Amino acid sequence: MGFKRAAFASVVLGAACLVPIQVAQVAEAADPATIGDSTDNAAGSCYEVKLVRPAAPSGVYWILTPKLAQPMQVYCDQTTNGGGWELIGKGRDGWTTGYGGKGTLTDLLTPDLAAMSSTTTQMDSNTVNALLNGQTVESQPDGVRIRRAQNTDGTAWQDVYFKLSKFGPWSWTFGSEAPVSSYTFSSPTTGTSSGSGGTTAAFGSNTSWNRVTETTSSANTYKRGWAYGSSVNGSTAANSYLWNAKAGSGYAIPYANVYIRPHVLSSDPGFTAIPDSGTAGWTLPAVAKSRALATPWGVSGLAGNTSQEGDVEVQAFTQSGNTMYVGGNFKTVQRDAAGTGAVNQPFLAAFDVTTGEFIPTFKPVLNEQVHSLTTLPNGRVVAGGEFTTVNGAPHAGVVVLDPTTGATDTSVRLALTIGSGATVRVNGLTVAGGYLYLAGNFTNISGGPKLPSMRSRGLARVSVTDGSPDKGWKPNLNGTATSVSISPDGSRAYAVGYFTLTGAGGAAPKAVALSTAAGAAQIPWSPTWSNSKNNYQHSVDAVGDKVWVGGSEHSLFQYDASTMTRTSGTIMKAQGDLQDVTDLNGVVYAGCHCGEDIAYANAFTWSSLNSSWTTANSIHFVGAWDAMTGARIPEFSPDMTSRTGQGVWAVKGDSTGVLWVGGDLKTVATGSKQAAFSGGFARFAPNDSTAPTVPTQLAVSARTSNTVTLTWKKSTDAGGGTHYAVLRDDRPIAFTADNTTTVTVPLGGSNRFFVRAIDKAGNWSASTPVLAVTP
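Conventions used here
- Residues numbered from 1 in each chain as written.
- Predicted model: local features only at pLDDT ≥ 70, side-chain atom pairs only at ≥ 80, totals over all residues.
- Heavy atoms only, no water.
- Helix = DSSP H or I, 4+ residues; strand = E, 2+ residues; numbered from the N terminus.
- Rg over C-alpha atoms; globule rule 2.2 N^0.38 Å.
- Buried < 20%, exposed > 50% of the residue type's maximum accessible area, 1.4 Å probe, protein only.
- Core = buried A, V, L, I, M, F, W, Y, C linked by side-chain atoms within 4.5 Å.
- Contact = heavy atoms within 4.5 Å.
- Disulfide = S-S within 2.5 Å.
- Pairing = 2+ DSSP bridges.
- 1 Å grid on protein atoms, 1.4 Å probe; cavity = no way out; pocket = protein on both sides within 12 Å on 5 of 7 lines; lining within 4 Å.
- Points joined across faces, edges and corners; volume = space filled by probe spheres on them.
- Nonpolar A, V, L, I, M, F, W, Y, C, P; charged D, E, K, R; others polar.
- Polar contact = N/O pair within 3.5 Å; in protein donor to acceptor, adjacent residues only side chain to side chain.
- Salt bridge = Lys/Arg side-chain N within 4 Å of Asp/Glu carboxyl O.
- Phe/Tyr/Trp six-rings, centres within 6.5 Å; stacked < 30°, edge-to-face > 60°.

Structural notes on the overall build of the chain
At step 1: Along its length, the chain carries two helices and 56 strands.
At step 2: The globule rule puts the C-alpha radius of gyration for 775 residues at 28 Å, and the 29 Å found for the chain is close to it.
At step 3: For the chain, the residues scored as buried account for 59% of the 775 residues in total.

Here it is in structure tokens:
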């Protein structure tokens, strides 16, 4: 569940918190006497409030760091262990590893929960990083503090302090292998114990009270929380402060608060005096939303062979016109999990790109599943798989279909064969440069008017016009190919799979780069995979000057096309073989069987990670990466469930920018439901990454001896929900609710004012030019 944007003034959420500000002299610092009491006198942290106002009680204070778009309210614990602690999460057994956090920000203005339940609230990671002013938590002297209940009625508590030697930017992936450098358990009832070692997944000095267990277990129905050790039991009561799913199962999960203590001051460098022309705007990275679109139709059931991994409901997508074709191993198309409106249309069906509605007039009849799809330049749909008949006629592994009716198109003739006892299977299809490329399990291909035959095992290409094989391009691999991709300039073909050699004897260790010119000359490529034994590769995608490969033993690697050297890598652990990779608008999306897993950036080996990994972010069956830099984009963090845990086997962007994701999916979190019917696939719309227009005509409408009332003309924004921040000299000091375009603010400093618009997604406009108010 993503973080809800609360309808109150201090909301600052998501990547929109991060402000690209250069270091410069501060124009004005907060007044020590009232620091934290108002937006125009916000403190840099709860730590600063405690530092300059030692007697200030615990409660809610205004905080502003250079990385925050506007001041925000934070609950400060000013009494425990020196005070200065900022509450960023609270809850019992409903914690999520999702980057976007969970719940409503206003709920974090108190550390209490009444009545006690499984409700959990977690500040989104970008906001936490902004409170840290862009620093990592391991760079802070005080690390992380957990305050957790020690009994069922919440009358006994323990504080856990731990520091990390490696963690990177904040995320909620505390079930990871991030090393704990030191820890202290402190409680009036169980005493104090300190030590070092372990990881955030599990650390401590015993198996009872002095233990933190962040991994999930069947004993607690895989609920996540800041659990104790195996010998601590709680109550199964819904209102218990110390909870177990089953009596006596151990690893009791307590109600807990999570605190950090950033040492950020309002006088620190970081705020830049704003020039007369104003500030620049800022937008979110363009990536799919984590919440899926509602699903009017899905697919269900298994109609074909299930002997191999990946024989799941949805395995392929392709778009022709305004129709998305969905292929796989499904039996019916239906409206919901109960089977409402079920239509028997196995293996291949059509859906409207815009609405997701089922198109019943497309009715091909196949006798086995579809593994791959593509579209010819004339709009015809090509299906590949392990079928042997289509529409009552023999077609082994590949067929061309009319996009309206599903009838067989006989103008492109194709036939694939393989030795006796084996099954023809087409795993990958793509179209480029007038050719249809095929990757799979076959030895011979024939096509065209006279069906001339050509031997080229595993990989071949034919004319898109009539299916004639290109006899001048015969890689002839020594094993099955699973995927093929053509470079954007059309000069190279990249293929991956189970093979190790080309027909010319060139080494091709589960991947090969070939010229698309006649002769299929091989480009040197000697990749090192994540595991020396199980290293087949499943999917390849060439985007820009990069080549992305995903496959066995949990790896997603990026290569530079000019040198064919590896430039970045991610390992999914503990689950997570990569199954499909695609790019959409500068973002690479990769699907895997990583249901609730952790993706380690700059990791290259499995099952043991190399020590150079840098960050750990959660992944739930599909993730996003910057196509050029290789950096993970953790803001895309959907929440889905899978029928068998096989996860996502198909990812595809459509012409409207919506991402289609398919596999054995059952439910997905949408804008209105946490677990809506998915039916094999889900659709994710692009996020709002466009800033509002710039406000205009900033002016003074009234003033007193110490205040000024500002007015301006409103901005426009396609996403709506715009509000405004008022900046003075070098920092924001106030903001409006909704689309209000007038506000009264204090005079102070040099009295140089600016206004910018902020939309509900978190993008903000450039500001107005300066309005200088004379004292």
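Some thoughts on the nonpolar core
At step 1: Counting residues in hydrophobic clusters, the biggest one holds 73 residues, and the most contacted among them are I88, F162, W170, W226, Y494 and W525.
At step 2: Setting aside chain neighbours within four positions, we find F162 in contact with D142, G143, V144, I146, F174, V180, S182, Y183, T200, F203 and W226.
At step 3: Core analysis: the second largest hydrophobic core is formed by 20 residues, A288, A624, V648 and V668 among them.

As for the state of the cysteines
At step 1: Under the definition given, this model contains two disulfides.
At step 2: What pairs with C46 in a disulfide is C76, and their sulfur atoms sit 1.9 Å apart. Taking the sign of the S-S torsion, about -70° here, the bridge from C46 to C76 comes out left-handed. Within this pair, whereas C46 is found in helix α1 (residues 46–52), its partner C76 is found in strand β3 (residues 72–77), the two being separated by 30 residues in sequence.
At step 3: According to the relative accessible area criterion, C76 is buried, its value standing at 0%.
At step 4: Disulfide pairing places C592 opposite C594 at an S-S distance of 1.6 Å.
At step 5: The exposure class of C592 is buried, given its relative accessible area of 0%.

Re the pairing of strand β41 (residues 578–584)
At step 1: Buried residues dominate β41, accounting for six of its seven residues.
At step 2: Looking at chain direction, β41 and strand β42 (residues 587–592) are connected through six bridges and run antiparallel. Note that in β42 the partner of T582 across the bridge is Y589.
At step 3: What sits between the antiparallel neighbours β41 and β42 is a turn of two residues, in which N585 has the positive phi angle 55°.

Side note on the layout of surface pockets
At step 1: Roughly 1200 Å³ of volume is contained in the second largest pocket.
At step 2: Lining the second largest pocket are 49 residues, and of these N427, G428, L429, S483 and D580 sit closest to its centre.
At step 3: Within the residue set of the lining of the second largest pocket, elements represented by two or more residues are β17 (314–320), β22 (370–375), β28 (425–432), β33 (481–486), β37 (537–543), β41 and β47 (648–653).
At step 4: Residues of the lining of the second largest pocket, tallied by class, amount to 18 nonpolar, 23 polar and eight charged.

Considerations on the side chain of T502
At step 1: Relative to the elements of secondary structure, T502 occurs in the loop between β34 (492–497) and β35 (511–515).
At step 2: According to the relative accessible area criterion, T502 is buried, its value standing at 9%.
At step 3: Polar contacts involving the side chain of T502 include one to the side chain of Q522, which spans 3.4 Å.
At step 4: Ignoring any residue separated from it by four or fewer positions in sequence, one finds T502 in contact with P475, N476, L477, A508, V512 and Q522.

Examining the pattern of salt bridges
At step 1: Summed over the entire model, instances satisfying the criterion amount to 18 salt bridges.
At step 2: E596 serves as the salt-bridge partner of R224, at 3.0 Å between the closest nitrogen and oxygen. Remark: E596 occurs in the loop between β42 and β43 (597–601) and R224 occurs in the loop between β12 (211–213) and β13 (242–243); sequence separation between them is 372 residues.
At step 3: According to the relative accessible area criterion, R224 is buried, its value standing at 9%.
At step 4: Salt bridges linked by common partners bring D77, R145, R147 and D159 together as one network.

Looking at the sheet that holds β34
At step 1: Spatially, the four strands line up as an open sheet ordered β33-β34-β35-β36, and their pairing is antiparallel. Of all strands in the sheet, those bounded by a partner on one side alone are β33 and β36 (522–523).
At step 2: Here β33 pairs with β34 via five bridges, running antiparallel. Bridge pairing in β34 places I486 opposite A493.

So, the sheet that holds strand β19 (residues 332–334)
At step 1: Within the open sheet, the three strands sit side by side as β16-β19-β20. Their pairing is antiparallel. Either end of the sheet is taken by a strand with one partner, and the two such strands are β16 (298–300) and β20 (343–344).
At step 2: Relative to β19, β16 runs antiparallel, the two sharing three bridges. Its bridge partner lying in β19, S300 is registered against T332.

Quick look at empty space enclosed by the protein
Over the atoms a probe the size of a water molecule is rolled, and this reveals where empty space is left.
At step 1: Inspection of the entire model under this criterion finds two cavities of 30 Å³ or more.
At step 2: Of the volumes computed, that of the largest cavity is approximately 40 Å³.
At step 3: Contributing to the lining of the largest cavity are T213, T215, T216, S217, N220, K223, G225, A227, Y251 and I253.
At step 4: A per-class count over the lining of the largest cavity returns three nonpolar, six polar and one charged.
At step 5: For the second largest cavity, the calculated volume is near 30 Å³.
At step 6: If you go around the second largest cavity, the residues you meet are W95, T96, Q122, W172, F174, E214, R224 and W226.
At step 7: Among the residues making up the lining of the second largest cavity, the classes are represented as four nonpolar, two polar and two charged.

Topic: the side chain of R425
At step 1: Looking at the secondary structure, you find R425 in strand β28.
At step 2: A distance of 3.2 Å separates polar atoms of two side chains, one belonging to R425 and the other to E386.
At step 3: Separated by 2.6 Å, the side chains of R425 and N427 make a polar contact.
At step 4: When neighbours within four sequence positions are excluded, R425 is seen to be in contact with Q308, D311, H371, G385, E386, G440, N441 and F442.

A closer look at the environment of A286
At step 1: Mapped onto the elements of the fold, A286 is located in the loop between β15 (256–260) and β16.
At step 2: A C-alpha to C-alpha distance of 30 Å links A286 and V264, two positions 22 residues apart in sequence.
At step 3: When near neighbours in sequence (up to four residues on either side) are disregarded, A286 contacts V587, N687 and S689.

Regarding the packing of aromatic side chains
How two aromatic rings sit relative to each other is set out by the distance from centre to centre and by the angle between their planes.
At step 1: For the structure on display, the rule yields 40 aromatic pairs.
At step 2: Ring centres of W172 and F174 lie 6.4 Å apart, and the angle between their planes is 65°; on these two criteria the pair is classed as edge-to-face. Taken as a pair, W172 and F174 share a single burial class, namely buried.
At step 3: Centroid distance F174 to W226: 5.2 Å. Interplanar angle 55°. Geometry classified as tilted. Placement of the pair is F174 in the loop between β8 (157–164) and β9 (180–187) and W226 in the loop between β12 and β13, with a sequence separation of 52 residues.
At step 4: F174 sits in the buried class, given a relative accessible area of 1%.
At step 5: Residue classification places W226 among the buried residues on the basis of a relative accessible area of 1%.

Keep in mind that these numbers describe shape and distance, not what the molecule does.
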